[in-house]
Amino acid sequence: YYAAKGAGSFLREQGKDTQLTVAPVPKVLRIVGSRSHPSPQLQDYLQQFAEYELLSVGSSLKFCLIAEGKADIYPRFNPTMQWDTAAGHIIATEAGASVVFDGLTDNIYQREQLLNPGFIVSSI
């Protein structure tokens, strides 16, 4: 997976590059979560959806699954570090997703604090 601001997001497989774009809203939302960091906040968040499929995926691949159109929402309520999110963030946004950090909007990576607050990545 790779991206460049203003140029899009891509997946390179077997020497071929495919441009990524988020999926249209499905009937059943595909929500990605962490295998190693479950939280009560995630359970509370999921209650707003009548029907969903929870996909347990490790690492920042959750951003990439949204960029690729294989997932729709990635809510993260536990802290992360900037190095955990920066690459996935640009890949997701260049594919058309939104990334909203709790309480922060612009210049998320241009601050002295390396600890990120919670965030939601969404294609809907």
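None of the values given here were measured: they were computed from a predicted structure.

Peer 1: Which residues make up the overall build of the protein, and what values go with them?
Peer 2: When helices and strands are counted, the protein shows three helices and 10 strands. Radius of gyration (C-alpha) of the protein: 14 Å, near the 14 Å computed for a compact globule of 124 residues. Each of the three principal axes of the protein carries a C-alpha extent, and together these read 40 × 40 × 25 Å. When each of the 124 residues of the protein is scored for burial, the buried share is 42%.

Peer 1: Just give me the short version of the side chain of R76, but keep the residues and values in it.
Peer 2: Note that R76 resides in strand β6 (residues 73-76). Salt bridges are absent for the buried R76, whose nearest opposite-charge side chain, D84, sits at 6.5 Å. Among the polar contacts listed, one links the side chain of R76 to the backbone oxygen of N78, at a separation of 3.2 Å. Of the polar contacts made by the side chain of R76, one reaches the backbone oxygen of P79; its length is 3.3 Å. Every residue in contact with R76, bar those within four places of it in the chain, is listed here: S34, H37, G118 and F119.

Peer 1: Could you give an account of unusual backbone geometry, with specific residues and numbers?
Peer 2: Phi is positive for Q14, which is not a glycine, with a value near 50°. For Q14, the position within the fold is in the loop between β2 (8-13) and β3 (16-19).

Peer 1: Let's hear about the packing of aromatic side chains: which residues, and what values?
Peer 2: Using the criterion set out here, one finds eight aromatic pairs in the structure. Between Y2 and F10 the ring centres are 5.3 Å apart and the planes differ by 20°, which places this aromatic pair in the stacked class. On the basis of relative accessible area, Y2 is assigned to the partly exposed category, the value being 34%. The interplanar angle of 90° and the centroid separation of 6.4 Å between the aromatic rings of F101 and Y109 together place this pair among those described as edge-to-face. Aromatic rings pair up to connect F63, Y74, F101, Y109 and F119 into one cluster.

The rules behind each value
Residues numbered from 1 in each chain as written. Predicted model: local features only at pLDDT ≥ 70, side-chain atom pairs only at ≥ 80, totals over all residues. Heavy atoms only, no water. Helix = DSSP H or I, 4+ residues; strand = E, 2+ residues; numbered from the N terminus. Rg over C-alpha atoms; globule rule 2.2 N^0.38 Å. Buried < 20%, exposed > 50% of the residue type's maximum accessible area, 1.4 Å probe, protein only. Lys, Arg positive; Asp, Glu negative; His and termini not counted. Salt bridge = Lys/Arg side-chain N within 4 Å of Asp/Glu carboxyl O. Polar contact = N/O pair within 3.5 Å; in protein donor to acceptor, adjacent residues only side chain to side chain. Contact = heavy atoms within 4.5 Å. Phe/Tyr/Trp six-rings, centres within 6.5 Å; stacked < 30°, edge-to-face > 60°.

Just distances and angles here, no functional claims.
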